[in-house]
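# Report on the structure
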Amino acid sequence: DAGVIQSPRHEVTEMGQEVTLRCKPISGHNSLFWYRQTMMRGLELLIYFNNNVPIDDSGMPEDRFSAKMPNASFSTLKIQPSEPRDSAVYFCASSAKQETQYFGPGTRLLVL
Amino acid sequence: GNSVTQMEGPVTLSEEAFLTINCTYTATGYPSLFWYVQYPGEGLQLLLKATKADDKGSNKGFEATYRKETTSFHLEKGSVQVSDSAVYFCALRRGYNTDKLIFGTGTRLQVFP
């Protein structure tokens, strides 16, 4: 298996622009997680889905952030409009029920 | 609430030294406990886990024992290598009705030759 696939790997954008991060989970996994990692705040869970349904979005910072999972093999995290404080590494992870979470390589986002 | 507390880093060691990274937790019920490792520029990957009290997880020379009486899951390795330099995260998953992990803040390990 190719593992969790994230794209793009790096993104540089200007403040106010829309950013869309993409994730393809491991085939057969039914839970998907979006995390954000920064030096200041460490690793934060933003949202997680189970069977394509959002279960816990309490970590989503504000209305500028939205996440979707239209099917079992694809999810997006969108930031609109982006701000410099959104600069971070965003990880997607997936797991089968009650099993190990597998992380993707991350998307490094820089908002200027 | 549920939480994980790790020792602050960085932990700096010479090659072949003994490693301990402390982790304690607060949780209701009977959580599962995990150690994840993050190498530079990569995502986290599972190092080891334990699902019930007194279980010992082990992998790549690392070990951790689930101690319910002290609510701890300390990570140990008898002889570290330069290639072990990474950030180590302790995490818990509470109960059987969730897949959500609660992570500690991470501890950076630096091993010098």
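Preceding this paragraph is the structure being described.
The present account deals with the structure reproduced in this document. (Residues numbered from 1 in each chain as written. Chains lettered and ligands numbered in written order. Predicted model: local features only at pLDDT ≥ 70, side-chain atom pairs only at ≥ 80, totals over all residues. Heavy atoms only, no water.)

### Structural notes on the overall build of chain A
A tally of regular secondary structure across chain A gives zero helices and eleven strands. Counting from the amino terminus, chain A carries its helices and strands in the arrangement β-β-β-β-β-β-β-β-β-β-β. The dimensions of chain A, computed from C-alpha atoms along their principal axes, are 40 × 25 × 25 Å. Here chain A holds 112 residues, and the buried ones make up 49% of them. (Helix = DSSP H or I, 4+ residues; strand = E, 2+ residues; numbered from the N terminus. Buried < 20%, exposed > 50% of the residue type's maximum accessible area, 1.4 Å probe, protein only.)

### Quick notes on the pairing of strand S7 (residues 65-71) of chain A
Across five bridges, S7 of chain A lies against strand S8 (residues 74-79) of chain A in antiparallel orientation. What sits directly across from Asn 71 of chain A, in S8 of chain A, is Phe 74 of chain A. (Pairing = 2+ DSSP bridges.)

### A word on the interface of chain A and chain B
At the interface, 22 residues of chain A touch 18 residues of chain B. Buried surface at the junction of chain A and chain B, both sides included, amounts to about 1500 Å², of which 45% is carbon and sulfur. Applying the counting criterion to the chain A and chain B interface returns one salt bridge. In this structure, Asp 56 of chain A engages Lys 100 of chain B in a salt bridge whose closest nitrogen and oxygen atoms are separated by 2.8 Å. Applying the counting criterion to the chain A and chain B interface returns five residue pairs in polar contact (both at pLDDT 80 or more). Among the elements of the structure, strand S4 (31-38), strand S5 (42-50) and strand S9 (88-95) of chain A are those that each provide at least two residues to the side of chain A that touches chain B. In terms of residue class, the side of chain A that touches chain B is built from nine nonpolar, nine polar and four charged. (Contact = heavy atoms within 4.5 Å. Buried area = accessible area lost by both parts, 1.4 Å probe. Salt bridge = Lys/Arg side-chain N within 4 Å of Asp/Glu carboxyl O. Polar contact = N/O pair within 3.5 Å; in protein donor to acceptor, adjacent residues only side chain to side chain. Nonpolar A, V, L, I, M, F, W, Y, C, P; charged D, E, K, R; others polar.)

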